[in-house]
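Here are the chains, one letter per residue:
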Amino acid sequence: MPVPPLSQHCPTQRELDDLELLTSGAAEPIRGFNEPGSPLTLSLPENLRSQLDAGDEVELVDPEGLPLARVSSTLRGLAVTPLTHAQFGPFRRLHLPPAAVREQYAGRTFVPVTDLMTDVQVEQLRRLGPVVLVALVGAGTPAISPVGLLRATLRVAETLDAGVVAVPLADHDSLADPALRISVLTSYADTDPVVELAYGGHLLPELADIAEEERPRPDEQGLVLFFTGLSGSGKSTLARALMDRLLEHGGRSLTSLDGDVVRRNLSAGLTFSKEDRETNIRRIGWVAAEIARHGGLAVCSPIAPFDRTRQQVRAMVEEAGGAFFLVHVATPLEECERRDRKGLYAKARRGEIPEFTGISSPYEEPLDADVRVDTTGRSIEDALEDVVDALRDAGYVDLTKAPVVSRLVASAPRTSTTGERTSTTGERSSTPGSHPLRVLFVCTANICRSPYMELRSRVLAGEGGGIEFASAGTHGFNAHPVDRTMAEVLAARGVRSDLISAFASRPLSGDLIEAADLVLTAEASHRQFVLEEAPSAFRKAFTLGQFAESVERADPGLHGAELVTAVGHRRAGTADHHDIRDPYRRGRAAAEVSADQIDALLQAVLRRLAPAARTTPATPETGEQ
């Protein structure tokens, strides 16, 4: 009699990575899944676990159905019998077993790599001599995609005496992970040294294109807008209204994954059992993730009552490089029942509809929603503004205004009809015939900290400082006014109302960075964003606190552009205390604290950039000393 085929199971990507470690011998002394104290675990459906308990084997396959290994139950866990290794995939040639690596690269220094490298790290590698760059590409381990990490690592290796090996060491969020990391690296290096990369430095300019692909701005990233809520909560109506707004705004490819449409075209044949409903959500999630992978925007509006399934969809999207934006339409059950035109809730309460969410089946409210909207007593247009505002604040898309021309031109100062130099604001420069120092302030949205720094600097520097001030946001809005609370603080500290009302925010761009002589950011994360956008700006980009500390160390006789140049070559390091805490939506007291910190730093900085600058507080009434 022919032997019946084994039951098959396709593991998760993390489990497939672990399987490769086990079958290649890289996980030694771990030999199988689910061994005591091991982070290498395999989760199987209950029916397959029962088969293993009965003494049968289960075949593990890749997503294409290729059999990779068999597992069987033992007293120590699940024993693994290799069948073959993965046949395809980008850079598969770099996935070498430890024995082959030791034979090819014996005597070299082994260096694990998980992110794009910096100039400091490359100099470190040059000093090490022949090296093997061990790209750790397992699920959850690299800071960028596995393919992006290998592309970048190979590019760096071309400039060094270096080999490159791909090792699928995954992140298990386990206390046993550090020991596993050491064990796996040792299996490749054997007795050769393993050296960790140093921290710090600036992104290599030759990796800037990979950084741009791997870390797109939020408004360029693939996005999944996922609406969840009870039947009758208004989620589908809100989703359709948002779709209309997105289409009117333009600029993004858009796909609707509405529940009924998906049921007809993607999930035909599924019932409304709990298992099939969750399968339907996962199918929606998979399609949405693929849309996000290619930079598109997907709008989904299923009930999705269970947190576990929503988290699975989030993971799919994030693994595809997209952003997952969760909207909880939190209309109470009582209001949903009141609106029930089809009488579904009444039928559910009579027991005519089994497993009805909110009645006979639970709805698990999300704790990780990006925005919560209660539509009770509100028009759809009013409720939609909650979603629009949250999307804008997160930097994904600003639907409140169409793009407009920035208030400042990111170029050198223009010449007036009289031949005199003018600033980018249209005002005449305080130093006609010379190049004024252009200072660009940067925060997140360009409506709070950076406009405060820009407008306050104009008051503190006065008319004779020879400096032009501008600002932008790493995820800046288009043409928004100063945050109302911060505007009140500015007015109280001597900034004229016409300057405050004329302010309009804008997003940071490479042109703005290039045009500036000095870029001062509110936080270290903003400075990192600047350097990722323009790696060549590393000598002129600082946090405001870092620059203030740096100028104190510089020659007291240096000022202006000479000071910026000198500090660019000998700067203070970044530190947490340099960051200016974001006061947005934290009230007037938080805004005052932020303003006090900025004022103290600006006075120290402007005193050195322009000795003639007025650096004592101005009175609220006149803006003068």
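Just above sits the structure.
What counts and what doesn't
Residues numbered from 1 in each chain as written. Predicted model: local features only at pLDDT ≥ 70, side-chain atom pairs only at ≥ 80, totals over all residues. Heavy atoms only, no water. Helix = DSSP H or I, 4+ residues; strand = E, 2+ residues; numbered from the N terminus. Buried < 20%, exposed > 50% of the residue type's maximum accessible area, 1.4 Å probe, protein only. Contact = heavy atoms within 4.5 Å. Areas by Shrake-Rupley, 256 points an atom, 1.4 Å probe, with all protein chains shown as cover. Axes fitted to C-alpha atoms, helices over the stretch in contact; angles between N-to-C directions. Parallel < 35°, antiparallel > 145°, perpendicular 65-115°, else oblique. Left-handed = near helix turned anticlockwise from the far one by under 90°. Nonpolar A, V, L, I, M, F, W, Y, C, P; charged D, E, K, R; others polar. Disulfide = S-S within 2.5 Å. Salt bridge = Lys/Arg side-chain N within 4 Å of Asp/Glu carboxyl O. Pairing = 2+ DSSP bridges. Arc of directions from axis to C-beta.

Novice: Even after reading the chapter, I still don't get the overall build of the protein chain, so can you show me in this structure?
Specialist: Along its length, the protein chain carries 22 helices and 17 strands. Per-residue burial for the protein chain yields a buried fraction of 49% across its 625 residues. Within the protein chain, contacts between residues separated by at least 24 positions form 71% of all contacts whose residues are at least 6 apart in sequence. Of the roughly 29,400 Å² of accessible surface on the protein chain, a fraction of 52% belongs to carbon and sulfur atoms.

Novice: Just to check I follow, could you spell out the packing of helix α15 (residues 449-461) against helix α16 (residues 484-492) for this structure?
Specialist: Helix-helix packing is characterised by the crossing angle of the two axes and by the distance between the axes. Here α15 crosses α16 at 15°, and the two axes come no closer than 10 Å. Classified by the interaxial angle, the pair formed by α15 and α16 is roughly parallel. Of the two elements, α15 crosses α16, and the hand of that crossing is right-handed. The residues of α16 that touch α15, namely those facing Y452, L455 and R456, are M486, V489 and L490. Counted by class, the contact of α15 with α16 contains five nonpolar, no polar and one charged residues.

Novice: How do you make sense of the state of the cysteines when you look at a structure like this?
Specialist: Counted under the stated rule, the structure contains zero disulfides. In this model C443 remains outside any disulfide bridge; the closest cysteine sulfur is found in C448, 6.9 Å from its own. Accessibility expressed as a relative area gives 2% for C443, which makes it buried. Judged by its relative accessible area of 5%, C448 falls in the buried class.

Novice: How should I be thinking about the side chain of D276 in this particular structure?
Specialist: Inspection of the secondary structure assignment puts D276 in helix α10 (residues 274-293). Relative accessible area serves as the criterion here: at 17%, D276 is assigned to the buried category. What D276 contacts, discounting residues up to four positions off in sequence, is L270 and T271.

Novice: Honestly, the pattern of salt bridges in this entry has me stumped. Any pointers?
Specialist: Oppositely charged side chains are able to pair whenever their charged atoms sit close together. Considering all chains together, one arrives at 36 salt bridges under this definition. Ionic pairing is found between E335 and R339, a salt bridge with its closest N-O pair at 3.0 Å. Separated by four residues within a single helix, E335 and R339 lie in helix α12 (residues 333-339), roughly one turn from each other. Given a relative accessible area of 11%, E335 falls into the buried group. Its salt-bridge partner being E523, residue R449 comes within 2.7 Å of it at the nearest N-O pair.

Novice: Would you mind showing me how to read the sheet that holds strand β17 (residues 541-543) here?
Specialist: Neighbouring strands of a sheet are bound in pairs by backbone hydrogen bonds; such pairs are parallel or else antiparallel. With parallel pairing, four strands are arranged side by side in an open sheet as β15-β14-β16-β17. Edge positions in the sheet fall to β15 (467-473) and β17, since each of these pairs with one other strand and no more. Strand after strand, the sheet turns through a mean of 25° between neighbouring axes, direction not considered. Note that strand β16 (residues 518-521) and β17 share three bridges and pair parallel. Across the sheet, the residue bridging to L520 is F542, located in β17.

Novice: Before we go on, may I ask you to explain helix α4 (residues 119-128) in this structure?
Specialist: Residue pairs three or four apart in sequence face the same way in an α-helix, which turns once every 3.6 residues. By the burial criterion, the buried members of α4 are Q121, V122, Q124 and L125. With its buried residues spanning 155° around the axis, α4 presents them on a single face. In this fold, the buried residues of α4 make contact with β6 (109-113), β7 (131-136) and α5 (146-157). Among the residues trailing α4, G129 stands out with phi positive, at a value near 85°.

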